Amino acid sequence: MNIEPTKTSTQLKNDLLLQALRKQKVERPPVWMMRQAGRYLPDYIKLREKYDFFTRVQTPELACEITLQPVDQVGVDAAIIFSDILVIPQAMGLEVLMEEGRGPLLPKTIKTKKDIDALNTSNAEEHLKYVMDALSLTKKELNGRVPLIGFSGAPWTILCYMVEGKGSKTWDKAKQFAYTGPELAHALLQKITNITIDYLKAQVKAGADTVQVFDSWAGSLSPEDFKIFAQPYLIQIADAMKNDAPVILFPKGSWYALKDLSETSASGIGIDWSITPQFARELTKNKITLQGNFDPAKLLAPIPQIKKWVKEMIDGFGVQNYIANLGHGITPNVPVEHAKAFVEAVKEYSR
Ligand code: CP3
């Protein structure tokens, strides 16, 4: 995909992320961390003690403050708006609770055609106005320091939560739903896709410079089933967004889809640590920018070791068409100094 620099992106002081997504030549790779605004940051924990999760998400001033914390304190090259992928089920009419320390809970799950028919797919921008307000405010507060990333969950991952009602290691209820009633599953996936496209477009209008689609549970599917239940919807989203902003797809655990996804309208693919940088490049033939793939558990190792691993990772991907990141979200037990060392190691990289 070839997205021309927009007026806003040319005003950015640090444009590395967008340059990498446009496959322009960079001096060093940009770096950010999935789930960079969160529980490993003491200032986030202070806010968490005062306001519950959805208050933090739904109050633009709080969401903005949390989004800026890792930019100010860890030195990342991009901000990702503080929100959650589960705001989409909420906008579709389902109740979502966040149980502190235990994760999301959807009291009423999707089981029947009637449940699917009752789901809303319109007016994403209105239902999620607080996200748009948080994006506009954050864009203003960033004042061009770094690009702002918007995001959504991928249709398969959102289906997982809607059917299962909570997190799972195996997602067997979601898979049973898909394998025993594929027509229903496709009807649900299409509804999620439609509202997600509107939602992502609205995010770009509100100030997001690029968007990432998190398919966190793609790896629960076999390669054949990924092609049926995940890939077509990721492609629909990438195609629909191609004139709006660069899209990063993150199908966690689905390295087998790299070749197919490198031939879509997406600008970047996020990968986890289940594949080497070299093999990921071989599968994608340098057709697309790759992002990843540091195992977040390695951030618990001593700092000199983290720096050595980061160098090896960049050696493996190469400096161009690459975004340094983790292979999944940063965990709450990572010391801030170690997160900083990860970012510094990328900034210091030289061959
Ligand atoms: O990256 C960022 O800094 C932006 C914030 C962000 C959150 N959720 C905030 C959050 C992002 C990008 C997400 C995406 C998200 N949410 C995903 C995809 C990314 C991934 O990790 O795979 C998923 C699967 C969810 C659903 C979700 N939200 C779960 C499973 C949980 C509980 C477990 C956990 O990781 O904490 C949440 C809660 C949540 N979303 C928290 C945060 C900071 C923790 C709750 C808290 O701090 O009180």
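Cut-offs used in this document
- Residues numbered from 1 in each chain as written.
- Predicted model: local features only at pLDDT ≥ 70, side-chain atom pairs only at ≥ 80, totals over all residues.
- Heavy atoms only, no water.
- Near = heavy atom within 4 Å.
- Polar contact = N/O pair within 3.5 Å; in protein donor to acceptor, adjacent residues only side chain to side chain.
- Areas by Shrake-Rupley, 256 points an atom, 1.4 Å probe, with all protein chains shown as cover.
- Helix = DSSP H or I, 4+ residues; strand = E, 2+ residues; numbered from the N terminus.
- Nonpolar A, V, L, I, M, F, W, Y, C, P; charged D, E, K, R; others polar.
- Phe/Tyr/Trp six-rings, centres within 6.5 Å; stacked < 30°, edge-to-face > 60°.
- Buried < 20%, exposed > 50% of the residue type's maximum accessible area, 1.4 Å probe, protein only.
- Lys NZ or Arg CZ within 6 Å of the ring centre and 35° of its normal.
- Salt bridge = Lys/Arg side-chain N within 4 Å of Asp/Glu carboxyl O.
- Core = buried A, V, L, I, M, F, W, Y, C linked by side-chain atoms within 4.5 Å.
- Contact = heavy atoms within 4.5 Å.
- Axes fitted to C-alpha atoms, helices over the stretch in contact; angles between N-to-C directions.
- Parallel < 35°, antiparallel > 145°, perpendicular 65-115°, else oblique.
- Left-handed = near helix turned anticlockwise from the far one by under 90°.

Draft legend 1. Local environment of the site of the ligand. Taken together, 23 residues lie around the ligand, and A37, Y44, D84, S216 and H328 are the ones closest in. Taking R35, its side chain carries an N or O atom lying 2.8 Å from an oxygen atom of the ligand. Contacts to the ligand include A37, whose backbone N or O atom sits 2.7 Å from an oxygen atom. For the ligand, whose unbound accessible area comes to 850 Å², protein coverage reaches 90%. Looking at the shell around the ligand, the elements that each hand over two or more residues are α3 (42–50), α4 (53–58) and β3 (103–105). Here the residues of the shell around the ligand sort into 12 nonpolar, five polar and six charged.

Draft legend 2. Quick look at the packing of aromatic side chains. All chains considered together, the criterion is met by 14 aromatic pairs. Note on F53 and F82: the rings are 6.0 Å apart at their centroids and 75° apart in plane angle, and the pair reads as edge-to-face. Here F53, found in helix α4, pairs with F82, found in the loop between β1 (79–80) and α6 (87–91); they are 29 residues apart in sequence, far enough to count as distant. For the residue pair F53 and F82, the accessibility class agrees, reading buried in each case. Ring centres 5.9 Å apart and planes at 50° place the aromatic pair W255 and F279 in the tilted group. Pair noted here: W255 is in the loop between β6 (247–251) and α15 (258–262) and F279 is in helix α16 (residues 277–284), with a separation of 24 residues, a long-range link. Cation over ring: K298 sits above W309, and NZ or CZ is 4.6 Å from the ring centre.

Draft legend 3. How the structure looks around the pattern of salt bridges. Considering all chains together, one arrives at 19 salt bridges under this definition. For the salt bridge of D117 with K113, the shortest nitrogen-to-oxygen distance reads 3.0 Å. Remark: K113 and D117 occur in helix α7 (residues 113–117); sequence separation between them is four residues, near one turn of the helix. On the accessibility criterion, D117 (48% relative accessible area) is partly exposed. The class of K113 is exposed, set by a relative accessible area of 52%. Between K308 and E312 there is a salt bridge, with its nearest N and O atoms 3.2 Å apart. Note that K308 and E312 are positioned in helix α17 (residues 303–317) at a spacing of four residues, about one turn of the helix.

Draft legend 4. Looking closely at the nonpolar core. Grouped together as the largest cluster of nonpolar side chains are 130 residues, with contacts concentrated most on M33, L159, L188 and F342. In terms of residues, this core owes the most to one element, helix α12 (residues 182–206), which gives 11 residues. Leave out the neighbours within four places in its chain, and M33 touches Y40, V74, V76, N325, L326, I330, A339, F342 and V343.

Draft legend 5. Broad picture of the packing of α12 against helix α14 (residues 231–240). It is the contact of α12 with α14, at a shortest axis distance of 10 Å, that shows an interaxial angle of 25°. Taken together, α12 and α14 sit at an angle that is classed as roughly parallel. The interaxial crossing formed by α12 with α14 has right-handed handedness. When α12 is examined against α14, the residues H186, L189, Q190, T193, T196, I197, L200 and K201 are found in contact with a partner set consisting of Y233, Q236, I237 and A240.

Draft legend 6. Structural context of the packing of helix α10 (residues 155–164) against helix α11 (residues 172–180). Between α10 and α11, whose axes approach to 8 Å, the crossing angle comes to 105°. Accordingly, the angle class assigned to the pair α10 and α11 is roughly perpendicular. Between α10, through W156, L159, C160, V163 and E164, and α11, the contact on the second element is made entirely by D172, K173, A174, K175, F177 and A178. The residue makeup of the contact of α10 with α11, split by class, is seven nonpolar, no polar and four charged.

Spatial relationships are all this shows, so hold off on functional conclusions.
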